[in-house]
Amino acid sequence: MAGDIANRVMLFVIGRCKPDKPVLELSIEGDALIVEETDKVYRKEKGLKKGIAFPTSLSVNHCACNYNPSPDSDKGIILKDGDVVKIDLGVHVDGYIATIAHTIVVGATEDNKVTGRKADVILAAYYTSEILQRLIKPGGQNFNITEKITSCASEFNTLAIEGIISHDMEQNRMLGEKRIIQNPGEALRKEYKKCNFVENEVYNVDVLFTTGEGKLRQLEMKPTIYRRTESAYKLKLQTARTFTNEVTAKFGYMPFTMRAIEDLKSARMGVTECVNHQVMEPYDIMFDKEGEFIAQFKYTVLLRPCGNYKITGVPFDPSLFQSEFLIKNQELAGLLSQSMVKKNKKKKKGKTTENDENTESKSSEKIGRAHPL
């Protein structure tokens, strides 16, 4: 359910990415549609929270992530032909989260194909995301996947951005304990713990590649997306306390945009104390060097006994992109060629027994209750 809504909103935003379109307008439209669509489900369930799990962000060209401008930013960035746009958003229903990110090039068509370094980085990120779907499965291990991400990036002469994390998710908890780190730096390597994947876990799989150096930096843009943490601290400023109470009531522990706060001016005064004492966590707007291009693909996947179920993801047409590079690594090419459609085992002649039907029904029911995505 949350996954279906996320996919619909993503397709809507993609369709609205045209030249001369302000990113601010697209972010507002995406968020409004998430709220509208989630309002339609479980209407009789009083107290059930649903809505935005990650605000609609559109990060352009060398901007990597978390660009969700505020109304006083004079409309911010205006899209133009040839821009590489990363659209990132999330939806939740009763705290069960579905995330998605997709990369497009404004104006790309069959008659106007994407070439050069833009094509290289987008294809590299896309094919890597597809390979990871085949590797993140029950019994698999995170360290092995980190190595494959690095190999995939090098096939297209690109780099995996340092420190990007894929992770498990639980109800009302976006960032779980199990993590897959792409291109971990020295500090992250020391903290990186080995883990195995288990049936019925849900993962947020995030791939971010660049034509640049692989290390991001902050510029002068202040973050506009925050998340309430589980840290407890007695805030001193009234503005900080009022801000925190509003965030907790409206969003719980889900990321939110400052644009959704009623008194934005007071909230900006209070957020500093909240961040300084780890009550709020900012999602910094990150960049590579100007002139470089960054691509992102993100999806939510449920590890089921009968095979992975990719909850989010919209169609991507590789034929619109022309790169001089190919995946030559035989192991990676072999993984990519694997079908994700799991064939049913042939049963002996005869009707399905009542026992078989009950087992299948109970298995589906269990998954449905645990992950209504």
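It should be emphasised that the depicted structure is a prediction, and the values quoted were computed from it without experimental measurement.

*Asks:* Help me understand the overall build of the chain in this model?
*Replies:* Scanning the chain from N- to C-terminus turns up nine helices and 15 strands. At 21 Å, the chain has a C-alpha radius of gyration in line with the 21 Å of a compact globule built from 373 residues. Considering only C-alpha atoms, the chain reaches an extent of 70 × 55 × 45 Å along its principal axes. Of the contacts made within the chain by residues no fewer than 6 positions apart, 78% connect residues no fewer than 24 positions apart. In the chain, 54 side chains carry a positive charge and 50 a negative one; their mean positions are 5 Å apart.

*Asks:* Mind showing me how you'd approach the packing of helix 4 (residues 142-155) against helix 8 (residues 330-337) here?
*Replies:* The description of two helices packed together rests on the angle between their axes and the distance between the axes. It is at 10 Å that the axes of helix 4 and helix 8 come closest, and there the two elements cross at 100 degrees. One way to sum up the angle between helix 4 and helix 8 is to call them roughly perpendicular. Residues Lys-148, Ser-151, Cys-152 and Glu-155 of helix 4 touch helix 8, and the partners they reach there are Glu-331, Leu-332 and Leu-335. A class-by-class count of the residues in the contact of helix 4 with helix 8 yields three nonpolar, one polar and three charged.

*Asks:* For this particular structure, what's the right way to read the environment of Met-269?
*Replies:* As for its position among the elements, Met-269 is in helix 7 (residues 264-276). A C-alpha to C-alpha distance of 9.8 Å links Met-269 and Gln-238, two positions 31 residues apart in sequence. Dropping the residues within four chain positions of it, Met-269 is found in contact with Leu-237 and Thr-239.

*Asks:* Help me out: how do you make sense of the environment of Thr-115 in this one?
*Replies:* Its location among the elements puts Thr-115 in the loop between strand 4 (96-105) and helix 3 (116-135). On the accessibility criterion, Thr-115 (45% relative accessible area) is partly exposed. Through-space distance from the C-alpha of Thr-115 to that of Tyr-283 is 31 Å; in sequence the pair is 168 residues apart.

*Asks:* Just to check I follow, could you spell out the pattern of salt bridges for this structure?
*Replies:* Any two side chains of opposite charge can pair if their charged atoms end up close together. Here the structure, examined in full by the defined rule, presents 21 salt bridges. With a shortest N-O distance of 3.2 Å, Lys-80 and Asp-83 are connected by a salt bridge. Classification of Asp-83 as buried rests on a relative accessible area of 2%. The shortest N-O distance in the salt bridge between Lys-148 and Glu-331 comes to 3.3 Å. Residue Lys-148 is located in helix 4, and its partner Glu-331 is located in helix 8; the two are separated by 183 residues in the primary sequence.

*Asks:* In this structure, what is going on with the packing of helix 3 against helix 4? I would like to understand it.
*Replies:* Close contact between helix 3 and helix 4 brings their axes to 10 Å; oriented N to C, the two are set at 155 degrees. One finds that helix 3 runs roughly antiparallel with respect to helix 4. When the axes of helix 3 and helix 4 are compared, the crossing they make is right-handed. Together, Thr-128, Ile-131, Leu-132 and Leu-135 of helix 3 and Ile-145, Lys-148, Ile-149 and Cys-152 of helix 4 make up the contact between the two elements. A breakdown of the residues in the contact of helix 3 with helix 4 according to their chemical character gives six nonpolar, one polar and one charged.

*Asks:* Help me understand helix 1 (residues 2-16), please; the structure alone is not making it clear to me.
*Replies:* Three- or four-residue spacings in an α-helix give side chains the same orientation, since the helix completes a turn every 3.6 residues. For helix 1, spanning 15 residues, the distance from its first C-alpha to its last is 21 Å, which sits close to the expected 21 Å at 1.5 Å a residue. Every buried residue of helix 1 is accounted for by Ala-2, Gly-3, Ile-5, Ala-6, Asn-7, Val-9, Met-10 and Val-13. Where helix 1 is buried, its residues meet helix 2 (23-38), strand 1 (50-60), strand 3 (84-93) and strand 4.

*Asks:* Please explain the pairing of strand 8 (residues 202-210) as it appears in this structure.
*Replies:* Regular strands have side chains that alternate between both faces of the sheet. With nine of its nine residues buried, strand 8 lies for the most part within the structure. Side chains Val-202, Asn-204, Asp-206, Leu-208 and Thr-210 of strand 8 all project onto a buried face; the interleaved residues Tyr-203, Val-205, Val-207 and Phe-209 project onto the opposite face, where all are buried too. In terms of strand pairing, strand 5 (residues 159-160) meets strand 8 through two bridges, oriented antiparallel. The residue of strand 8 that forms the bridge with Ala-160 is Phe-209. Both strand 6 (residues 164-169) and strand 8 contribute to a ladder of three bridges, which runs antiparallel. Bridge pairing in strand 8 links Met-169 to Val-202. Summarising the sheet, strand 8 and strand 14 (residues 294-302) pair through nine bridges and their orientation is antiparallel. In the sheet register, Asn-204 faces strand 14, and the bridge partner there is Thr-300.

*Asks:* Just checking my understanding: could you explain the side chain of Asn-308 for this structure?
*Replies:* Within the element layout of this structure, Asn-308 appears in the loop between strand 14 and strand 15 (309-310). We classify Asn-308 as buried; its relative accessible area is 16%. At 3.0 Å, the side chain of Asn-308 forms a polar contact with the backbone oxygen of Gln-133. At 2.6 Å, the side chain of Asn-308 and the backbone oxygen of Ile-136 are in polar contact. Contacts of Asn-308, omitting those with residues within four sequence positions, involve Gln-133, Ile-136, Lys-137, Pro-138, Val-301, Leu-302, Leu-303 and Met-340.

Scoring rules and cut-offs
Residues numbered from 1 in each chain as written. Predicted model: local features only at pLDDT ≥ 70, side-chain atom pairs only at ≥ 80, totals over all residues. Heavy atoms only, no water. Helix = DSSP H or I, 4+ residues; strand = E, 2+ residues; numbered from the N terminus. Rg over C-alpha atoms; globule rule 2.2 N^0.38 Å. Contact = heavy atoms within 4.5 Å. Lys, Arg positive; Asp, Glu negative; His and termini not counted. Charge placed at Lys NZ, Arg CZ, Asp CG, Glu CD. Axes fitted to C-alpha atoms, helices over the stretch in contact; angles between N-to-C directions. Parallel < 35°, antiparallel > 145°, perpendicular 65-115°, else oblique. Nonpolar A, V, L, I, M, F, W, Y, C, P; charged D, E, K, R; others polar. Buried < 20%, exposed > 50% of the residue type's maximum accessible area, 1.4 Å probe, protein only. Salt bridge = Lys/Arg side-chain N within 4 Å of Asp/Glu carboxyl O. Left-handed = near helix turned anticlockwise from the far one by under 90°. Expected span 1.5 Å × (residues − 1). Pairing = 2+ DSSP bridges. Polar contact = N/O pair within 3.5 Å; in protein donor to acceptor, adjacent residues only side chain to side chain.

It is worth stressing that arrangement in space is one thing and function is another; only the former is reported here.
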